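Descriptive structure summary
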Amino acid sequence: MATLSSRDRVKWAFLLPALVYLMLLAIFPLIWTLTLSFTRWNANTMARPQFIGLENFRYFLFEDPRFWFDLRFTAMYVAVAVSVELVLGLLLASLLSQSFRGKNFFRVIFLIPMACPPIAVAFLWRMMLHPDIGVINSMLQGIGLRAVKWTTSAAVAPFTIMMVDIWEWTPFMFLALLAALQSLPTELYQSAAVDGATSWQMFRGITLPLITPMIITVSLIRAIDAFKLFELVFGITGAGPGGATESLSYYVYLIGMKWFKLGRGSAISWLFVILLIGLALILISRFRRERTQ
Amino acid sequence: MRSFWKVAVVLLALCCAASAAFAGGAKEAAPAPAAAGPAEVDLTVPITVLVTDPHIQVVDTWKPIWEAETGGKINVVLVPYATLEEKLWIEFRTKAGSFDIACIPVTWKGDVFGGEHVEDLRPYMEKFGYPNWDDVMPAQKVIVGWGEKIMALPYDGDNHLFYYRTDALEVPEYQQQFREKYGYMYSLPPKNWEEVYDLAEFFNGWDWDKDGEVEYGFAFIAQQNTQAMWSFLDFAAQYATVAGPPSNHTSNIFFDTETMEPLCKTPGWVEAMKMIQSLVKFAPPGLLGYGYSELRQAYVSGNSAMAIDWADIAIQAQYPEEYGSKVKGKLGYGPLPGASKYWDRRTNKWVEEQHNVNFLDFGGWVYVIPKSAPHKDAAYKFGTYITNPERSLLDVCGIHGYTGANPWRESHFKAIDAWVRGGWDRDSAEAFLEGVYNILNDPYAVTDLMIPGGSEYYNVLDTHLNKVLSGSISPERGCELIYDDWVRITNERGKEDQKRYYRGSLGLK
């Protein structure tokens, strides 16, 4: 039997606490829920889980239209919200990377939404967007416009959720991209200016390529975070009207925490994790390709 | 390579540990041994109470007095309603003993009582007594029962009432105009949903209280995930059954008790769905954004002629300063409107007959003692302390402000002076109490859905109802979708088990 050298023993002594911590807090729950995902366990009536193989996964993938509806809504929400946040964040960052009076004041102001707890943001907007007594409709009607069914129309409500997300998380994009812009070397711009490049040419030819890694990184972070949409749905629409704003996370919450179907809840959680890993892999490979180019 | 194998061995060991834990954790722990039954209960022990807002008002009121009288200690765990259920179930599964007594909605009784996660209180009542059981209203005795057992302490008589504005429906000039337009005179309170429809149309979209603002006909909770399904069931109860001793064909609106087939596709349900959908056009424009908070705020601020809600509107209406009420002294109360017909499933025909069915929707909050509670006897004593006739009266009548608790004892309905001291005007108090009393005193009142999976059944009802109310699907389609989902849920949970629970909830063998 091979014995560890003293160097290896020291190495393992340092590694072991972190490894145990990681195993207990990350790996164990994953294994536990994976095991549960192959069972039927209605925790409020069944004393113990009952093994049913892949039945839970089959149910979601082939039998449950609600899963696919929620997935479609969540994917659309991520695509629209993150894209708009990126564009707005880039515009704001470009604007505030210029020198002008009051720049620091605006920088701080723009960060406030991001600092608010998401559930507080949700209830704040729920009150402001109420069709009858909300301040936003009052203002619209005050200037002669029609009231909007922000949360009560199945056609409008999904975009309301996106609008609030954009309000809350554009500052994150702005902050990250501002840091990226400020780290760019000024010499390149000076050379380009000497060569007669316009602002747009400088942006397209210098700025954009240099900050692309940052754009991909922040987009990846935001996309993964947005995919876990829960608080805004919970607080603003309650997934309504008629389930039009039900996100995948909200459905997971219902199954696991409201209906206590722990087997099925674990299965959909694993499907969720696999989807997120897939999304991350796509974006990371894209990032690597960009870097290679 | 060797390192790889070491890591692999560690992972394998963890997998084995997880499997072992899975197998072990899956076993239900042996129930805690019954308390040794001391002759005198030690009340100096700390009692942990799990409660939500606004029920914490009641606990906070009595806590210092209890502590001074007994030398004990009350620890309050306040959680939002949204997380109460998970807190409860984590305790039931882990048996950690994290609280001794909990205030929960009785509508969870199918899961909580049926799963025997809480103590049967009958032995406690025999051992320590109960403060005047005969004083408890019949409906309250029914809802805390499970078979022969008593699984909870009653605390709140919470059912939907019908509200109307007296400065609209009782104005002779408007009554005359209504009679001319519709060719008949309505009852006060309206006797059926057909009358409510006409009244809602009549009082919709004009300033009948002359306050300079346009008012609307009828308001109810309609927002998804805010208990809108109970609004619908107020209609379904009238069209889908007839009052009588609970059986398959009387006072039964959810399932066929023989086959466990959902009744959601019956013409009675479809008619109810059509009626509630048709009333949306006479409601405030933002109705689909009305959860319970919004409804109460809007109604007591005077925006509608009629509404259905629990007793909260009646209570909030009494406090203009706190809730901005503009309707104090202007409310009429009644039981739920009936219907001019009901679907008879025995004959599969409509029976054209005016009738009323009282429906115990939600049913109220109750106190339960988990089997894992560390201090069950003391918890029982504390539960009966705060719910005895004298103390509970102060909590329901407004003297202690808005507590969320509504009258549930006979004596609460007789102590009108206490209600007047609580801020009510005498006429309103009498009318309100009469309305609630008639519902709670009805032996044939339809009980709420109280079987395992209740929240899942209601979630799909709520979701599809919301589609119907927003006009995205027809009432017939909505009922079909609810039916399909209820069949699926029933099958998943075991049809025979569910049938047993359902029959038990109706008191059938």
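Looking at the overall build of chain A
Within chain A one finds 12 helices and 2 strands. Walking chain A from its N terminus toward its C terminus, one meets helices and strands in the order α-β-β-α-α-α-α-α-α-α-α-α-α-α. The C-alpha atoms of chain A give 24 Å as radius of gyration, which overshoots the globular expectation for 293 residues (19 Å, by more than 25%). For chain A, the spread of C-alpha atoms along the three principal axes comes to 70 × 70 × 30 Å. Across the 293 residues of chain A, 44% fall into the buried class. Here the contacts in chain A between residues at least 6 apart in sequence split such that 67% fall between residues at least 24 apart. As displayed, chain A has an accessible area near 15,500 Å², and 70% of this comes from carbon and sulfur atoms. Averaging the locations of the 24 positively and 15 negatively charged side chains of chain A gives two centres separated by 4 Å.

Side note on the side chain of A:Thr170
Residues and elements named next belong to chain A. Relative to the elements of secondary structure, Thr170 occurs in helix α7 (residues 157-182). By relative accessible area, Thr170 is classed as buried at 6%. Looking at Thr170, its side chain comes within polar contact range of the main-chain oxygen of Ile166, at 2.6 Å. If sequence neighbours within four positions are ignored, Thr170 has contacts with Glu85, Leu88, Gly89, Leu92 and Asp165.

Some details on empty space enclosed by the protein
Residues and elements named next belong to chain B. Applying the stated criterion across every chain yields a total of 3 cavities of 30 Å³ or more. When its volume is computed, the largest cavity comes out at roughly 60 Å³. Lining the largest cavity, in full, are Ala240, Thr241, Val242, Asn248, His249, Asn252, Tyr342, Trp343, Asp344 and Arg345. The residue makeup of the lining of the largest cavity, split by class, is 4 nonpolar, 4 polar and 2 charged.

Some thoughts on helix α2 (residues 55-63) of chain A
Listed in full, the buried residues belonging to α2(A) are A:Asn56, A:Phe57, A:Tyr59 and A:Phe60. Seen from one end, α2(A) has its buried residues packed into an arc of 160°, which puts them on one side.

Topic: the sheet that holds strand β7 (residues 161-165) of chain B
Residue and element names in this part refer to chain B. Spatial ordering of the open sheet is given by β8-β9-β7-β10, a layout of 4 strands whose pairing is mixed. Of all the strands in the sheet, the pair left with one neighbour each is β8 (216-219) and β10 (331-334). Between one strand axis and the next, the sheet turns by 15° as a mean value, whatever way the strands run. In terms of strand pairing, β7 meets strand β9 (residues 304-309) through 4 bridges, oriented antiparallel. Across the sheet, residue Tyr164 finds its bridge partner in β9, namely Met306. Lying over the sheet, helix α19 (residues 426-440) contacts β7 and β10, oriented at roughly 150° with respect to β7.

Quick notes on the interface of chain A and chain B
With 48 residues of chain A at the interface, the matching set in chain B holds 47 residues. Taken together, the two surfaces of chain A and chain B that pack against each other cover about 4,000 Å², and 57% of this comes from carbon and sulfur. The interface formed by chain A and chain B contains 5 salt bridges. Residue B:Glu492 is joined to A:Lys261 by a salt bridge in which the shortest nitrogen-to-oxygen separation is 2.6 Å. On the surface where chain A and chain B come into contact, there are 22 residue pairs in polar contact (both at pLDDT 80 or more). Broken down by secondary-structure element, the contributors of at least two residues to the side of chain A that touches chain B are α1 (6-36), β1 (39-40), α10 (231-237) and α11 (248-258) of chain A. It is α1(A) that provides the largest number of residues to the side of chain A that touches chain B, a total of 8 residues. Here the side of chain A that touches chain B is composed, by residue class, of 27 nonpolar, 13 polar and 8 charged.

Digging into helix α15 (residues 376-386) of chain B
The element α15(B) is largely enclosed, with a buried count of 10 among its 11 residues. All of the buried residues in α15(B) are B:Lys376, B:Asp377, B:Ala378, B:Ala379, B:Tyr380, B:Phe382, B:Gly383, B:Thr384, B:Tyr385 and B:Ile386.

Quick word on unusual backbone geometry
Cis geometry is found at the peptide bond from A:Gly240 to A:Pro241, where omega equals -5°. Relative to the elements of secondary structure, A:Pro241 occurs in the loop between α10 and α11. Cis geometry marks the peptide bond from B:Asp53 to B:Pro54, where omega comes out at 10°. Examined against the element boundaries, B:Pro54 turns out to sit in the loop between β1 (46-51) and α2 (56-70).

Re the side chain of B:Asp312
Residues and elements named next belong to chain B. Positionally, Asp312 belongs in helix α13 (residues 312-317). According to the relative accessible area criterion, Asp312 is buried, its value standing at 6%. Within polar-contact distance, the side chain of Asp312 engages the side chain of Tyr402 at 2.2 Å. Setting aside residues up to four positions removed in sequence, Asp312 forms contacts with Asp158, Tyr163, Arg296 and Tyr402.

Here is what the cut-offs are and how they apply
- Residues numbered from 1 in each chain as written.
- Chains lettered and ligands numbered in written order.
- Predicted model: local features only at pLDDT ≥ 70, side-chain atom pairs only at ≥ 80, totals over all residues.
- Heavy atoms only, no water.
- Helix = DSSP H or I, 4+ residues; strand = E, 2+ residues; numbered from the N terminus.
- Rg over C-alpha atoms; globule rule 2.2 N^0.38 Å.
- Buried < 20%, exposed > 50% of the residue type's maximum accessible area, 1.4 Å probe, protein only.
- Contact = heavy atoms within 4.5 Å.
- Areas by Shrake-Rupley, 256 points an atom, 1.4 Å probe, with all protein chains shown as cover.
- Lys, Arg positive; Asp, Glu negative; His and termini not counted.
- Charge placed at Lys NZ, Arg CZ, Asp CG, Glu CD.
- Polar contact = N/O pair within 3.5 Å; in protein donor to acceptor, adjacent residues only side chain to side chain.
- 1 Å grid on protein atoms, 1.4 Å probe; cavity = no way out; pocket = protein on both sides within 12 Å on 5 of 7 lines; lining within 4 Å.
- Points joined across faces, edges and corners; volume = space filled by probe spheres on them.
- Nonpolar A, V, L, I, M, F, W, Y, C, P; charged D, E, K, R; others polar.
- Arc of directions from axis to C-beta.
- Pairing = 2+ DSSP bridges.
- Axes fitted to C-alpha atoms, helices over the stretch in contact; angles between N-to-C directions.
- Buried area = accessible area lost by both parts, 1.4 Å probe.
- Salt bridge = Lys/Arg side-chain N within 4 Å of Asp/Glu carboxyl O.

Read these as geometric descriptors, not functional statements.
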